[in-house]
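# Working through the structure, step by step
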Amino acid sequence: MCTQEFFQAQRSQLVGQLALRSLENFESILDYLLSWEVLTWEDYESVSLPGQPLSTLARRLLDIIWNKSGQSCELLFAAVKKAEETEEQTEPPRLWSQDVASPAQDLQRHRPVIVRKIYGHVEGILDLLLERGFITKYECDEIRLPIFTSSQRARRLLDFAKVKENGVAQFLLQHVHQLPVLPAPFPDATACQKYRAKLKATVSAQSRFLSTYDGTENLYLEDIYTENILEVRKGGGGGGAPGQKGCDTVELPDIFSDSGCVNEHADTVLLVGEAGSGKSTLLQQLHRLWATGRLFHRFLFVFPFSCRQLQYVDKPVSVKTLLFEQCCWPDEGQQEVFQYLLDHPDRVLITFDGFDEFKFKFTDRETHCSPTDPTSVQNLLFNLLRGNLMKNAKKVLTSRPHAITPFLRKYVRKELGLKGFSQEGIELFMRRHHSEPGLADRIVRLLKATSALHGLCHVPVFSWIVSRCHKELLQRGCGSLKTTTDMYLLILRHFVMHASPGAAAWGPGIPFLRPWLPTILRLGRLALWGLGTCSYVFSAKQLWASGVEEEDLSLGFLVRSKSFSQESSASLEFLHITLQCFFAAFYLLLGADVSASALRRLFHHHKKPSRSLARRFPVSCLQAPEPEEAEEASVSGLLQKAEPHNVQITAAFLAGLLSREHRGLVTQCQGASSPLPQKQTLVRRCLALALRRHFQSIPPAVPGEGKSMHAMPEFVWLIRSLYEMQDERLAREAVSKLGVGHLKVTYCNIGPAECAALAFVLKNLQQPVALQLDYNAVGDVGVEQLLPCLPVCHALYLRDNNISDLGICRLVDQALQCEQFQKLALFNNKLTDDCTHSLASLLKYKQNFLSLRLGNNHITAVGAKVLAEGLKGNDSLQCLGLWGNKVGDEGARALASALHDHPSLKWLSLVGNNIGSLGAQALALMLEKNVSLEELCLEENHLQDEDMCALVCGLKKNSSLKILKLSNNSITLQGVSALLQVLEGNATIKSVWLRGNIFTPEEIEQLSLMDARLLL
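Residues numbered from 1 in each chain as written. Predicted model: local features only at pLDDT ≥ 70, side-chain atom pairs only at ≥ 80, totals over all residues. Heavy atoms only, no water.

Here we take up unusual backbone geometry. Note on backbone geometry: most residues besides glycine have negative phi, and most peptide bonds are trans. We note that Asn392 has phi near 80°; this positive angle belongs to a residue other than glycine. Within the secondary structure layout, Asn392 lies in the loop between α19 (377-386) and β6 (394-399). Residue Asn392 is classed as buried on the basis of its relative accessible area of 17%. In this structure, Asn968 takes a positive phi of about 60° despite not being glycine. For Asn968, the position within the fold is in the loop between β20 (963-965) and α47 (973-984). Residue class for Asn968 comes out partly exposed when judged on its relative accessible area of 39%. (Helix = DSSP H or I, 4+ residues; strand = E, 2+ residues; numbered from the N terminus. Buried < 20%, exposed > 50% of the residue type's maximum accessible area, 1.4 Å probe, protein only.)

Spelled out as structure tokens, the structure:
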């Protein structure tokens, strides 16, 4: 007998079993339950809503069964078993009993077998019903909607017959009796197996070699793939509430799990990361793992697409043509295979790489639901992402952050962020690329000895550059490599030397670029035209029109474009979008026909270009532009039409090429008519003006408070450009009049490279600033890059930045020498007891230090004892936050002992630290003696009534505490009664938080009336 208790115990397993199978399987279960009268018609309608996630429908079904008898539970298990039995295809005895009074009831009683009989004959039956007058054309079209599978059309026909009273049910019974029982509603297995094998072979071949950066090397992805830091992005901001966890780090196999799901009704997993962060490589690894059968077994079919390739599809396409013509063509049984994909979308994965390179902006204005009717490629993509097409098929979309709008996020099931390599990841990357004994160790030592270069290498594309150029770096050293421009000039030099090994030696002052300048300019002209027209893949005709020659291709920066389409002709693309921007910057700087005034568009992208300033762009890079395309053909016009983020990358490269470090190289390459000095002056002026305009937009300070600035992404780009130029004087001028007391740069994808840029500029501030970098990707290397600006920081906030003990120890060593540094917040990082010795030194030796917040890390009683020793020698600390750690009773006792006579601490948070009676008793003794503490937070611990009584004893002698937070413990009315006695004679306490304890509604109402300071 299946009791309801047993059924409830099996609930989670049942949800998983029902939700992970196909929609066809779930609907077959409903057929059996309806035929056995376990479900009423109303029940059936509530669990068969189209478009709802299977998990939602499964839970709703279980709720319905739970509210029925225990026999209903047994019948559900029987229905699950029946639906799984492939051999259950025979007709039961006396199926068409003529004694049944109601034909509609007969249809329902034998519904499972009738669906099997008619699903392959629905079209013929509809034609017959239409001919006999049983059904109208409108009703017929409603059943035939292309969004339904063949078996769903059969069920809709039976649902229609149930409510009709014109004899259609009796007619169906007579007609269906003559039909044979068909196999289960699956297509030709042989055709599907052959297609799956072909698709796997195609995907395997495409994903076998690493092709993200350099298509010329035969590097097996399996041998060199290095895990990236992958975090689940959560909605909301940084409230910092106790118990709030930071971003969860996940592994690639977990990207389709329910963890971090923000919209269970959506199908799209969004993967965001800056340029060069490894999005395409990660997606390639996903494809390889599926194709080789190692992971992602839930998907029978995986269809990879590149957005930069899709945007060149200029003919209308349907889902069928997209999957078959643009990815992999079935050699036989095309209709059967496609019908299987429609019937089982949950077994399908579709990936779209590089949405930021898709020239069409996302919109949900136009709805398209037919999988067979063609539409524009952008409308098809948008409706796939929205779930209007291939609902329940998983989609993965990769993009840079700037291209993701709030409209698109509405249709995202889960968002993941790529944060680059960890320090261990950088080392592993080098070792996997260099198996020679000792070579990887030498490269790693070189990186660690060069802080700026080490900071850049957390971005995978820079690690690749170092790997490719390791010989030059080991010979020459890398002390001068600081900026992104330095790195790209390094790879340019490497490719030039590789293309002409005997041309020139390595060294400063040698004009290695001059022989290749015509090639660089032709590539730059092509790159700029591509940016201006949102073109990232170039046909042979376009290369010819741009003047690109065979010799230019030998340099190696243009490689064959990767495409899954069998129709695509041979085309080329730059190794990486950032390299396309780099060459565009070269052309803007050295192109003889690019005026200085045209460069204004780089720093004023939002303004419409002035026609009087626009100069004609060389016609050779265009395909015979029409007169109305003249605006597009100008440099200003191209920069105006380019993606703003690509323009910013190009501007940063241009600033870097104009730095003092590279001035000699650029001067050697300039032509006689090149206005290089004018361009340099204009870029400096534009940068200074843009920063000044940004600072002037800061609203005035609230009276009595310091002026605060919340930096926007444009500010980060301007700072990066300033850093690329390496102009100390310009940096000083830029911030000389910036009177900001609090600079907030949160959620801005700040990594080590951005930290170096911030430090380069902010170290010139004239007054102390609180620098808030919460929710970024600073890491240990980024902390090291921030050290130069620490002397001007009186507070540093680094919540959710993947920082470990190593980074904090370095930070504290520097902070001890900074007189103005007073506050440090490190919520949600990876700190352990190993860093507490450094933090204790900070407390002991820095007597003006005010606030230390270490919430949600991994500090135990051992670390708490070390911090307590530091507190004993401290007379200045006002705030100490340790919520969400594991200090326990022992740690609480050590901290309480250190705070007995502490003269300044006003706020102490020990929320969620597994504190029980021993810890509460120690804190009670501390309250008896401490005269400074104003707020004590002990929520989410293990405090009971006796612990409340101990705290009450401490409060009897305390005259400073104003707020006591005890929510979410195990306190009852008895414990609060003791507290009320103390409150009667204590006017200092303003509030006691008691929500989430053990009170009845009547007790809550009673206590609220007794003292308004009790927050229940």
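Moving on, we get to the nonpolar core. Note on soluble globular proteins: their nonpolar side chains tend to be buried together. Ranked by size, the top nonpolar core spans 205 residues in total, and within it Leu492, Phe582, Leu771, Leu798 and Leu966 carry the most contacts. When residues of this core are assigned to their parent elements, the largest contribution, 12 residues, is made by helix α30 (residues 577-590). Those residues within four positions of Leu798 in sequence are excluded, and the remaining contacts are Leu773, Asp774, Val778, Val783, Leu786, Ile803, Leu811, Ala825, Leu826, Phe827 and Asn829. If you look at the next biggest cluster of nonpolar residues, it comprises 70 residues, including Ala191, Val250, Leu286 and Leu310. (Core = buried A, V, L, I, M, F, W, Y, C linked by side-chain atoms within 4.5 Å. Contact = heavy atoms within 4.5 Å.)

What follows is about the environment of Gln284. Position of Gln284 among the secondary structure elements: in helix α15 (residues 279-291). On the basis of relative accessibility, which here comes to 3%, the residue Gln284 falls in the buried class. Measuring from C-alpha to C-alpha, the distance between Gln284 and Ser207 comes to 5.4 Å, with 77 residues separating the pair along the chain. Polar side-chain contacts of Gln284 include one of 3.4 Å to the backbone oxygen of Ser207. (Polar contact = N/O pair within 3.5 Å; in protein donor to acceptor, adjacent residues only side chain to side chain.)

Turning to the pairing of strand β3 (residues 268-272), a few remarks are in order. Buried residues dominate β3, accounting for five of its five residues. The alternating pattern of β3 places Thr268, Leu270 and Val272 on one face and Val269 and Leu271 on the opposite face, and all of these are buried. Of the strand pairs in this sheet, β3 and β6 are connected by five bridges, and their pairing is parallel. The partner of Leu270 across the bridge, within β6, is Leu397. Where β3 meets strand β7 (residues 412-418), five bridges bridge the pair, whose relative direction is parallel. Counted as the bridge partner of Thr268 is Val412 from β7. (Pairing = 2+ DSSP bridges.)

In spatial order, the strands read β11-β12-β13-β14-β15-β16-β17-β18-β19-β20-β21-β22; together these 12 strands make up an open sheet with parallel pairing. At either margin of the open sheet sits one strand with a lone partner, and together these are β11 (708-710) and β22 (1014-1015).

Three- or four-residue spacings in an α-helix give side chains the same orientation, since the helix completes a turn every 3.6 residues. Here helix α11 (residues 150-163) contains 14 residues, and its C-alpha end-to-end distance of 21 Å stays within 8% of the 20 Å for a straight helix at 1.5 Å per residue. Where burial is concerned, most of α11 is hidden: 11 out of the 14 residues are buried. All of the buried residues in α11 are Ser150, Ser151, Gln152, Arg153, Ala154, Arg155, Leu157, Leu158, Asp159, Phe160 and Ala161. (Expected span 1.5 Å × (residues − 1).)

Okay, the pattern of salt bridges next. Enumeration according to the criterion identifies 35 salt bridges in this entry. Measuring nitrogen to oxygen at the nearest pair gives 2.9 Å for the salt bridge that ties Lys448 to Glu427. Of the two residues, Lys448 is situated in helix α22 (residues 439-449) and Glu427 in helix α21 (residues 423-433); the sequence distance between them amounts to 21 residues. The exposure class of Lys448 is partly exposed, given its relative accessible area of 47%. A relative accessible area of 22% means that Glu427 is categorised as partly exposed. Taking the shortest distance from any N to any O, the salt bridge between Lys965 and Glu935 comes out at 3.1 Å. Of this pair, Lys965 sits in strand β20 while Glu935 sits in strand β19 (residues 935-937), placing them 30 residues apart in sequence. The same class applies to Lys965 as to Glu935, namely buried. (Salt bridge = Lys/Arg side-chain N within 4 Å of Asp/Glu carboxyl O.)

This brings us to the packing of helix α42 (residues 836-845) against helix α43 (residues 861-872). Across the interface, α42 lies against α43 with an axial gap of 7 Å and an inter-helix angle of 15°. Of the possible angle classes, the one that applies to α42 and α43 is roughly parallel. The handedness of the crossing between α42 and α43 comes out as right-handed. Mapping the contact onto sequence places Thr836, His837, Leu839, Ala840, Leu843 and Lys844 in α42 and Gly863, Val866, Leu867, Gly870 and Leu871 in α43. (Axes fitted to C-alpha atoms, helices over the stretch in contact; angles between N-to-C directions. Parallel < 35°, antiparallel > 145°, perpendicular 65-115°, else oblique. Left-handed = near helix turned anticlockwise from the far one by under 90°.)

As summarised here, the arrangement of the three strands in space is β8-β10-β9, forming an open sheet in which the pairing is antiparallel. The open sheet has two edge strands, β8 (538-539) and β9 (558-560), and neither has a second partner. Relative to strand β10 (residues 571-574), β8 runs antiparallel, the two being bridged by two bridges. What sits directly across from Phe538, in β10, is Leu572.

Attention shifts here to the packing of aromatic side chains. Under the defined criterion, the tally for this structure stands at 34 aromatic pairs. Their ring planes at 65° and their centres at 6.0 Å tell us that Phe301 and Tyr340 sit as a pair that is edge-to-face. Here the residue Phe301 occupies a position in strand β4 (residues 301-306), and Tyr340 occupies one in helix α18 (residues 334-343), the gap between them amounting to 39 residues. For the pair shown, Phe301 and Tyr340 are each scored as buried. Linked through ring pairs, Phe462, Tyr488, Phe495, Trp529, Phe538, Phe557, Phe574, Phe582, Phe583, Phe586 and Phe653 together constitute an aromatic cluster. Sitting over the ring of Trp907, Arg853 keeps its end group 4.6 Å from the ring centre. Sitting over the face of the ring of Trp993, Lys965 holds its NZ or CZ atom 4.0 Å from the ring centroid. (Phe/Tyr/Trp six-rings, centres within 6.5 Å; stacked < 30°, edge-to-face > 60°. Lys NZ or Arg CZ within 6 Å of the ring centre and 35° of its normal.)

Further remarks concern the state of the cysteines. Scanning all chains against the criterion turns up zero disulfides. Here Cys793 is not cross-linked by a disulfide; its sulfur's nearest cysteine counterpart is in Cys789, at 4.3 Å. Note on Cys809: no disulfide assigned, nearest cysteine sulfur contributed by Cys835 at a separation of 6.2 Å. According to the relative accessible area criterion, Cys809 is partly exposed, its value standing at 21%. (Disulfide = S-S within 2.5 Å.)

Moving on, we come to the pairing of strand β13 (residues 769-772). Burial along β13 is two-sided: Val769 and Leu771 and Ala770 and Gln772, pointing in opposite directions, are all buried. The parallel pair strand β12 (residues 742-744) and β13 is bridged by helix α39 (residues 752-762), and the resulting crossover is right-handed. Two elements, β13 and strand β14 (residues 793-797), share four bridges in a ladder whose sense is parallel. Among the inter-strand pairings, Leu771 is bridged to a residue of β14, identified as Leu796. Crossover handedness for the path β13 to helix α40 (residues 779-786) to β14: right-handed. (Right-handed = clockwise from strand over helix to strand, strands pointing away.)

This part covers the side chain of Asp805. Within the fold, Asp805 resides in helix α41 (residues 805-815). Among buried charged residues, Asp805 stands out as having no salt bridge; its nearest opposite-charge side chain is Lys830, 9.6 Å away. Side-chain polar atoms of Asp805 contact the side chain of Thr832, separated by 2.4 Å. Residues in contact with Asp805, not counting those within four places in the same chain, are Lys830, Leu831, Thr832, Asp834 and Cys835. (Lys, Arg positive; Asp, Glu negative; His and termini not counted.)

Further remarks concern the packing of helix α9 (residues 122-132) against α11. For the pair α9 and α11, interaxial distance at closest approach is 10 Å and the crossing angle is 30°. One way to sum up the angle between α9 and α11 is to call them roughly parallel. Here Val122, Ile125, Leu126 and Leu129 of α9 lie close against α11, whose contacting residues are Ser150, Arg153, Ala154 and Leu157. A per-class count over the contact of α9 with α11 returns six nonpolar, one polar and one charged. (Nonpolar A, V, L, I, M, F, W, Y, C, P; charged D, E, K, R; others polar.)

What follows concerns empty space enclosed by the protein. Inspection of the entire model under this criterion finds five cavities of 30 Å³ or more. Each pocket or cavity is described by its volume, and for the second largest cavity that value is around 100 Å³. Taken together, 11 residues make up the lining of the second largest cavity; nearest its centre are Ser28, Asp31, Pro112, Arg116 and Arg155. Elements represented by at least two residues in the lining of the second largest cavity include exactly α3 (23-35) and α8 (111-118). When residues in the lining of the second largest cavity are grouped by element, the largest group, four residues, is from α3. Among the residues forming the lining of the second largest cavity, the class breakdown is six nonpolar, one polar and four charged. (1 Å grid on protein atoms, 1.4 Å probe; cavity = no way out; pocket = protein on both sides within 12 Å on 5 of 7 lines; lining within 4 Å. Points joined across faces, edges and corners; volume = space filled by probe spheres on them.)

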